[in-house]
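Structural description and commentary
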Amino acid sequence: MTTELGICRTRNHALINWVDQMAELCCPDRVFWCDGSLAEKDQLTERAVQEGILVRLNQEKLPGCYYHRSNPNDVARVEQSTYICCESEEDAGPTNNWMPPADAYQKLHNLCRGAMRGRVLYVVPYLMGPPGSPLTKVGVELTDSLYVVLNMRIMTRMGEVALSELGERDSFNRGLHCLLDVHPDRRFICHFPQDNTIISVGSGYGGNVLLGKKCLALRIGSCLGRKEGWLAEHMLILGVESPGGEKTYVAAAFPSGCGKTNFAMMVPPERFKGWKIWTVGDDIAWMKPGPDGRLYAINPENGYFGVAPGTSLQSNLNAMRTITRDTLFTNVALLPDGDVWWEGKDGRPPAECLDWRGQRWTPESKEKAAHPNSRFTAPMRNNPMLAPEADNPQGVPISAIIFGGRRATTLPLVCEAFNWIHGVYMGATMGSETTAAAAGATGQVRRDPMAMLPFCGYNMAHYFRHWLNMRKRIKYPPRIFNVNWFRKDEQGRFLWPGFGENMRVLKWIIDRCQGRVGAHEMPLGWFPRAQDFDLEGLKGFTAQDFETIQNINLEEWRREALSQDELFIKLYSYLPKEMIFQRELLVARL
Ligand code: OXD
Ligand code: MN
């Protein structure tokens, strides 16, 4: 028996009424309720191919895989068009754009009025988090983009599962997405934390329109976390299993485009035979104290929206395995045989292909074939090293929190905070060079506290206070570390090999968490003793190199401490005094 697709099967009045209201506003020709079934996926994929939204890739090489090109003016998150629309500007804080909610609603409703004429409005109910978790939230995204529907289907637990979790409640995140004419002047990504509502218009690019991800799981999520006593963080979660079967979980915050996916899927090098890295999540962690006094984390997502360039068998074997089927590729290069390519993929560049704009490309071309922020959207279930606990509603207990930026100088490879407050200060003062994940100049150092600068849905100073307050709720807090894989020598060469070799850093972190090794007290925190840091089998990297990469240059640190002022002054009126004291202590130690 076949069931008719697209019809409404919920009796949730709050949901039905809201969908009716939005349909009245946007005037679509039809409303299609998604149930998340395979039959629906097949039907909508076929429709997307017919409408030219997706290109079917070589099904022998890449079964279930499709290709999409976004509008060339719409290839990254747009922080300048992203707003927090709460009542008071102070609540949004100086690091966010703010609009009064009434003005924002008016502006957005005017833009959306009649905007779906001749189009279909898809109703996408979804879960952020595994069914039955105390942390899981229900969202419903209304969108006129089939690309969004098919991506949401991968990135979240979508359809019936969300409606049954919601039941009769009206506590769900309301998300409206309208493509409009995909024009930068009419591009707004607006968050209304007090109404648990998101409206995104004028963009079709992932981070702006897959509303469960950055908008709900981070911006609205951080507001909910503050209210409800948990943390919504831009962090990967991984489990380290020793040859003896001991499992330790860590969460790590890195800014966009700094290798979270690679770290979350790392393959340990030969020296660490028998060790395994299990991926719980690669981008977002929701963390809450558990009944045993430890901090527990879930990954609210169900898939990976990863940066393609640089992904190869060598840099990320598990990602390469993950994206061999049922994956959507956006803005990569298209090969004549229906395969895909990007800079940094294994093998030689193709003799010829179509670049991300659809133009003929050869190795002589000056432009890149794949956009630097081109992406794959892949189900997490494809990952051969997906942690079995990824579906556990209780989450996993976190032993270490790692903060890391992309810094060519100043920051050592690894150090451990003296305590929670010092760790919060370390996270709060994180700096990183900007990458292609956001529109704008790349390669400039900016302060990106906890890698949350573009994602914190309220005043950053209050966010630091929330982090400090969380200490009182966690009886056995994780240890906090800072890492920097990106330090360079005077010739501009990376000092640390990175990728799988990061296992060596992770091993030291785990040993610290398990109380197995001591450390040197240094001005920045606890540093590894040479005898505890495993360099065996690391070709071309000597004990002297380790000293260089851990070196603290006083001149650079004076500049670093001064440049922290920029953010602190901006946040000054609400900045927790602990942050100022920590800075003073650091300067005194230096
Ligand atoms: C992402 C980002 O897409 O951080 O994860 O930009
Ligand atoms: Mn991210």
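Scroll up for the structure.
Here the structure is a predicted model, which is why all the values come from computation and not from measurement.

Considering empty space enclosed by the protein
Taken as a whole and judged by the stated rule, the model has 2 cavities of 30 Å³ or more. Each pocket or cavity is described by its volume, and for the largest cavity that value is around 230 Å³. Leu411, Met426, Thr429, Asn482 and Trp557 are, among the 21 residues lining the largest cavity, the residues nearest its centre. Those elements giving two or more residues to the lining of the largest cavity turn out to be helix 11 (420-428), strand 29 (479-483), helix 15 (554-570) and helix 16 (577-589).

Considering helix 12 (residues 460-473)
Between its first and last C-alpha, helix 12 extends 20 Å over 14 residues, near the 20 Å set by a 1.5 Å rise per residue. Residues of helix 12 that are buried: Met460, Ala461, His462, Tyr463, Phe464, His466, Trp467, Leu468 and Met470. The opening residue of helix 12, the one whose side-chain oxygen lies 2.9 Å from the backbone nitrogen of Ala461, is Asn459.

Considerations on the pairing of strand 9 (residues 173-178)
The buried count for strand 9 comes to 6 of 6 residues, which makes it a mostly enclosed element. Alternating positions in strand 9 separate into two faces, Asn173, Gly175 and His177 on one and Arg174, Leu176 and Cys178 on the other, with burial throughout. For strand 9 and strand 11 (residues 197-201), the ladder comprises 5 bridges, and the chain directions are parallel. Bridge pairing links His177 to Ser200 in strand 11.

Description of the layout of surface pockets
The computed volume of the largest pocket comes to approximately 1,100 Å³. Lining of the largest pocket is provided by 47 residues; of these, Gly257, Cys258, Gly259, Pro309 and Arg406 occupy positions nearest its centre. Of all the elements in the fold, those that place two or more residues in the lining of the largest pocket are helix 8 (212-228), helix 9 (260-264), strand 18 (303-307) and strand 24 (375-379). Sort the elements by how many residues they give to the lining of the largest pocket and helix 9 lands first, with 4 residues. A class-by-class count of the residues in the lining of the largest pocket yields 17 nonpolar, 18 polar and 12 charged.

Considering the side chain of Lys260
The topology assignment puts Lys260 in helix 9. A distance of 3.5 Å separates the side chain of Lys260 from the side chain of Asp283, its partner in a polar contact. Setting aside its immediate chain neighbours within four residues, Lys260 contacts His234, Met235, Leu236, Ala252, Phe254, Pro255, Asp282 and Asp283.

Basis of the calculations
Each chain carries its own residue numbering, running from 1 in the direction its sequence is written. Each chain takes a letter, starting from A, and each ligand takes a number, starting from 1, following the order in which they are written. Whole-chain, interface and lining totals are the exception, using all residues; otherwise, since this is a predicted model, local features are given only for residues with pLDDT of at least 70 and side-chain atom pairs are given and counted only at 80 or more. Excluding hydrogens and water, the side-chain values take into account all heavy atoms of the structure. Only protein atoms enter the 1 Å grid used here. Points where a 1.4 Å probe fits but cannot escape make up a cavity, open sets with protein on both sides within 12 Å along at least five of seven lines make up a pocket, and a residue lines them when an atom lies within 4 Å of a point. Grid points are joined across faces, edges and corners, and a volume is the space filled by probe spheres set on the points. Helix and strand definitions here come from DSSP, where helices need a minimum of 4 consecutive H or I residues and strands a minimum of 2 consecutive E residues; each element is numbered from the N-terminal end. What a helix should span is 1.5 Å times the count of its residues minus one. Partly exposed describes any residue whose relative accessible area lies between the buried limit of under 20% and the exposed limit of over 50%, with all areas from a 1.4 Å probe on protein chains only and scaled to the type maximum. Whenever two N or O atoms come within 3.5 Å, that pair is a polar contact, provided that in protein one can donate a hydrogen and the other can accept it, and provided that, for residues adjacent in sequence, both atoms are side-chain atoms. Pairing between two strands requires that DSSP report at least two bridges joining them. Three classes are used, and their members are as follows: Ala, Val, Leu, Ile, Met, Phe, Trp, Tyr, Cys and Pro are nonpolar, Asp, Glu, Lys and Arg are charged, and the others, Gly among them, are polar. Contacts between residues were defined by any pair of non-hydrogen atoms, one from each residue, lying within 4.5 Å.

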